[in-house]
Amino acid sequence: MSVLRLSALSGNARRDLAFAALTLALFLGVTIAFPGFAAPRNLAGLLDDTAILIMLALGQMLVILVRGIDLSIAANLALCGMLAAVFDRVWPGMGIGPVLVLTLVSGGLLGAFNGLLVWKLRLPPIVVTLGTMSIYRGAIYLLSKGAWVNENEMSRGFLAFPRIEFLGLTLLSWLAIVVAAVFVVVLRRARVARDLYAAGGNPEAANYSGIDAGRMQFIAYTICGALAGVCGYLWVARFAVAYTDIALGFELSVIAACLIGGVAIAGGVGSAVGVVLGCLFIGIIRSSLPLVGISAFWQMFINGVVILLAVLLSARQREFKRTILEVRA
Amino acid sequence: MKPASLLRWESMLALVLVLEFILFSAISPYFLSVDTLSDATFNFTERAIVALPLALLIIAGEIDISVAAIIALASVAMGLASAEGMGTGGIAAVGLGTGLLAGCINGALVTIGRVPSIVATIGTMTLFRGAAYAVLGDRVLKNYPESFATFGQGYLVGPVSIELALFALFAISFGVFLHRTRWGRAIFAIGANPVASRFAGVPVNQYRFALFALTGLFSGFAAVLLTSRLGSTRPSIAQGWELEIISMVILGGVSVWGGKGSILGVVLAALVFGLVTFGLGLMNIPGIVMSIFTGTLLILVVAVPALVNRPLGNQR
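This next bit is on the overall build of chain A. Looking only at helices and strands, chain A has 13 helices and 2 strands in total. The C-alpha radius of gyration of chain A comes to 20 Å, within 12% of the 20 Å expected for a compact globule of 329 residues. For chain A, the accessible surface area stands at approximately 14800 Å², while carbon and sulfur atoms represent 70% of it. In chain A, 24 positive and 15 negative side-chain charges are present, and the distance between their average locations comes to 8 Å.

Quick look at the structure:
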């Protein structure tokens, strides 16, 4: 068991290292062509642009690790963002604490709802989250009655929070760094993380060793939802507007970041470092497109190409592993 | 046991359909007129035409989330062909060809690339929709020849639109194909147990590839009809349709785990779906609220059998 675990970890580490080299090469390539790209201010901007993606992708990774998928993540974000905006409009003087708690809890509940359906009723994750995706979107309309919440209706503290600068980085960037650091440490050290990997890698075996795979899925969906909820507030505050269609289709970018970062859709394989690198990879491409003179409309297409390359490569790897296992058995 | 329970599901759908009729004709005096009902069919025909091959694909244990993106890509291709001065037949051929090609890409990824169909089609969905945006940006293509409008706006006889007639034709063909031929049996077998099917001599991967190609082709077909009906192409065309099309198939009693389903169920589900959309429209309920209904329905349809089956013993 310990040998298996070690080899799996080293496989993860090897892939992360290779992908880090690739991301660095991309970064250096862009920098050589456009020296201004590596300016500290530009890099801080890049991190700020990628921060929300990083937090969402880490949440999504947990769900994919336990053989799920959360297509409702962007709708959850949009609903909690609207909730935060409406809350701030009604009680503008409450400060940022209640808004954060509100979005964390409501996002967590929305995620837990997905998790309950997947855990207790054993419904297919893709159908459940496809369904909740449109339910949550529709709920935004009911909550806002189709109206926008604009910048002038938001309190100053509400808008300023993610923009506060500390050591040259925005608070939004720092939040992403803290979340990423917590994920890296917890996924390596905590028992619940080991259970999560075990439940995703082989649910049957996990059940026999006393891990409730369904409960692990529930936990993953809840954490993912809570992160999406807080990101909802951050998104609305950063872009200073809330309406029904914010972050429409963003779930695809989030899933793309996970797949690019080496998370296997079959479950059980993936690392926080890889996912953060995947996000940075997307971020670098996105911010270099205007420099190269390619329209921003190409972003989605490039994401598609990169996702397909990533999944084709990982499908090949998995097959290689399986043949080895079969030969040994 | 199996045919009986299937029959029950379909008679339930038929009952829902009747209830809808009674409800909507009670709500609106205009509902029960031939013209109104003829208009109502446009709410589902294009989607239902994609739901037919998708039902086969889901019965075979696969899924295609990229159908709406294929529609967008095919529509953009047709818009460009039209801008190049192609005639109506040529434009339609370009739409069908683009759909078929996109379906073949999906099929190749799943069979040759051995990528699970969910991931493969999430990838191609991003790719195809991305290509539509990359080519068009924020432009709109609407220079279609006048005769091109026939497909989506024309009528065959009286109130029967060309779209409706095509859907009926396809529905019967698919029904016969799935339930009356050897190939249909093979599709059920693949969905129930792909490994056993392979040992029984069914060329599983060839079937999978063909089904993806077929779904692509019919998405292209839907693109021709939709583009012809709207008379314009935006990259956001058919946005979110994958949800509605998949909902139709699952509402029709096709098992998400593969191996079970019927074309009759899908057709009834399409009618139920189209009538609900139309009825809510009659009551002035906006489309986004409709999506709450769609989503709830989708979850309920998979949740109810799970709840009912539970006391009978664990499925695993």
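There is more to say, and it comes next.
Counting its secondary structure elements, chain B contains 14 helices and 2 strands. In summary, chain B has a C-alpha radius of gyration of 20 Å against a globular reference of 20 Å for 316 residues, a match within 12%. Taken along its principal axes, the extent of the C-alpha atoms in chain B is 60 × 55 × 35 Å. The proportion of buried residues among the 316 residues of chain B is 54%. Counting contacts in chain B only where the partners sit at least 6 residues apart, residues at least 24 apart contribute 79% of the total.

We now examine the packing of helix 3 (residues 73-90) of chain A against helix 5 (residues 125-144) of chain A. Residues and elements named next belong to chain A. Two elements in contact, helix 3 and helix 5, have axes whose closest approach is 8 Å; the angle formed by their N-to-C orientations is 20°. The orientation of helix 3 with respect to helix 5, classified from their angle, is roughly parallel. With respect to the hand of their crossing, helix 3 and helix 5 are arranged in left-handed fashion. Counting all contacts with helix 3, which are made through Ala74, Ala75, Asn76, Ala78, Leu79, Met82, Leu83 and Val86, the residues of helix 5 involved are Met133, Tyr136, Arg137, Ala139, Ile140, Leu143 and Ser144. A class-by-class count of the residues in the contact of helix 3 with helix 5 yields 12 nonpolar, 2 polar and 1 charged.

Our focus in this paragraph is helix 10 (residues 213-239) of chain A. Residues and elements named next belong to chain A. Taking 1.5 Å per residue, 27 residues should reach 39 Å; helix 10 reaches 38 Å between its end C-alpha atoms and fits that length. In terms of burial, helix 10 is a largely internal element, 21 of the 27 residues being buried. Two residues or fewer after helix 10 comes alanine 240, characterised by a positive phi angle close to 55°.

This part covers the side chain of Ser117(B). Within the fold, Ser117(B) resides in helix 6 (residues 117-136). Discounting residues that sit within four places of it in the chain, Ser117(B) has contacts with Glu62(B), Ile63(B), Val110(B) and Phe212(B).

Residue and element names in this part refer to chain A. In this structure, Leu58 and Met61 are the most contacted members of the largest nonpolar core, which totals 208 residues. Among the elements that line this core, the one with the most residues is helix 2 (residues 40-65), at 15 residues. What leucine 58 contacts, discounting residues up to four positions off in sequence, is Val179, Ala180, Phe183, Ala272, Val275 and Val276. Grouped together as the second largest cluster of nonpolar side chains are 5 residues, Phe27, Phe37, Leu46 and Ile284 included.

Residue and element names in this part refer to chain B. Here threonine 233 lies in the loop between helix 11 (204-230) and helix 12 (241-251). Overall, threonine 233 belongs to the buried group, its relative accessible area being 0%. In terms of polar contacts, threonine 233 uses its side chain to reach the side chain of serine 75, at 2.8 Å. A polar contact of 2.6 Å, which involves the side chain of threonine 233, links it to the side chain of tyrosine 144. Ignoring sequence-local partners within four residues, the contact set of threonine 233 consists of Ser75, Val76, Leu136, Arg139, Val140, Leu141, Tyr144 and Thr227.

All names here are of chain A. Of all 11 residues making up helix 11 (residues 250-260), 11 are buried, and the element is well covered by its neighbours. For helix 11, the full list of buried residues reads Phe250, Glu251, Leu252, Ser253, Val254, Ile255, Ala256, Ala257, Cys258, Leu259 and Ile260. Two residues or fewer after helix 11 comes glycine 262, characterised by a positive phi angle close to 90°.

Residue and element names in this part refer to chain A. Averaged over every residue, the pLDDT of chain A is 88; the share at 70 or more is 92%. When mean pLDDT is taken per element in chain A, helix 10 scores highest with 96 and helix 13 (residues 299-328) scores lowest with 69. Long-range and interchain partners of residues 322-329, a stretch whose pLDDT sits below 50, account for 0 contacts in this model, where long-range means more than four residues apart.

Attention now moves to the interface of chain A and chain B. If you look at the interface, chain A gives 40 residues, while chain B gives 43 residues. Both faces considered, chain A and chain B share a buried interface measuring about 3700 Å² in area, 82% of it formed by carbon and sulfur atoms. At the junction of chain A and chain B, the tally comes to 0 salt bridges. Here chain A is connected to chain B by 1 residue pair in polar contact (both at pLDDT 80 or more). Its residues placed into classes, the side of chain A that touches chain B shows 27 nonpolar, 7 polar and 6 charged.

Another aspect to go through is the packing of aromatic side chains. Within the structure shown, the criterion is met by 24 aromatic pairs over all chains. Considering the side-chain rings of Phe24(B) and Phe31(B), the 5.6 Å spacing of their centres and the 50° angle between planes classify their relative orientation as tilted. Residues Phe170(B) and Phe221(B) carry aromatic rings whose centres are separated by 5.1 Å and whose planes lie at 90° to one another, so their mutual orientation is edge-to-face. Taken together, the residues Phe170(B) in helix 8 (residues 162-180) and Phe221(B) in helix 11 connect sequence positions 51 residues apart. Taking relative accessible area as the criterion, Phe221(B) reaches 21% and is therefore assigned partly exposed. Members of the aromatic cluster, each reached through a chain of ring pairs, are Phe21(B), Phe24(B), Phe31(B) and Phe278(B). Of note, Lys120(A) hangs over the ring of Trp119(A), and the distance from its end group to the ring centre comes to 4.0 Å.

Here we take up the pattern of salt bridges. Using the criterion set out here, one finds 7 salt bridges over all chains in the structure. Its salt-bridge partner being Arg238(A), residue Asp48(A) comes within 3.0 Å of it at the nearest N-O pair. In this pair, Asp48(A) is assigned in helix 2 and Arg238(A) in helix 10, connecting sequence segments 190 residues apart. Judged by its relative accessible area of 13%, Asp48(A) is buried. When the shortest N-O distance is used, the salt bridge between Arg208(B) and Glu62(B) registers 2.9 Å. In this pair, Arg208(B) sits in helix 11 while Glu62(B) sits in the loop between helix 3 (45-59) and helix 4 (67-83), placing the two residues 146 residues apart along the sequence. On the basis of relative accessible area, Arg208(B) is assigned to the buried category, the value being 17%. Within the structure, one salt-bridge network assembled from shared partners comprises Asp48(A), Asp49(A) and Arg238(A).

This next bit is on the state of the cysteines. Going through the model one piece at a time under the given rule, you end up with 0 disulfides over all chains. The thiol of Cys279(A) is not disulfide-bonded; the next cysteine sulfur, from Cys258(A), is found 7.0 Å away.

Residue and element names in this part refer to chain A. Unusually for a residue other than glycine, arginine 67 sits at a positive phi of about 65°. Phi is positive for lysine 145, which is not a glycine, with a value near 55°. Examined against the element boundaries, lysine 145 turns out to sit in the loop between helix 5 and helix 6 (156-160).

Parameters and conventions
- Residues numbered from 1 in each chain as written.
- Chains lettered and ligands numbered in written order.
- Predicted model: local features only at pLDDT ≥ 70, side-chain atom pairs only at ≥ 80, totals over all residues.
- Heavy atoms only, no water.
- Helix = DSSP H or I, 4+ residues; strand = E, 2+ residues; numbered from the N terminus.
- Rg over C-alpha atoms; globule rule 2.2 N^0.38 Å.
- Areas by Shrake-Rupley, 256 points an atom, 1.4 Å probe, with all protein chains shown as cover.
- Lys, Arg positive; Asp, Glu negative; His and termini not counted.
- Charge placed at Lys NZ, Arg CZ, Asp CG, Glu CD.
- Buried < 20%, exposed > 50% of the residue type's maximum accessible area, 1.4 Å probe, protein only.
- Contact = heavy atoms within 4.5 Å.
- Axes fitted to C-alpha atoms, helices over the stretch in contact; angles between N-to-C directions.
- Parallel < 35°, antiparallel > 145°, perpendicular 65-115°, else oblique.
- Left-handed = near helix turned anticlockwise from the far one by under 90°.
- Nonpolar A, V, L, I, M, F, W, Y, C, P; charged D, E, K, R; others polar.
- Expected span 1.5 Å × (residues − 1).
- Core = buried A, V, L, I, M, F, W, Y, C linked by side-chain atoms within 4.5 Å.
- Polar contact = N/O pair within 3.5 Å; in protein donor to acceptor, adjacent residues only side chain to side chain.
- pLDDT = per-residue confidence, 0-100.
- Buried area = accessible area lost by both parts, 1.4 Å probe.
- Salt bridge = Lys/Arg side-chain N within 4 Å of Asp/Glu carboxyl O.
- Phe/Tyr/Trp six-rings, centres within 6.5 Å; stacked < 30°, edge-to-face > 60°.
- Lys NZ or Arg CZ within 6 Å of the ring centre and 35° of its normal.
- Disulfide = S-S within 2.5 Å.

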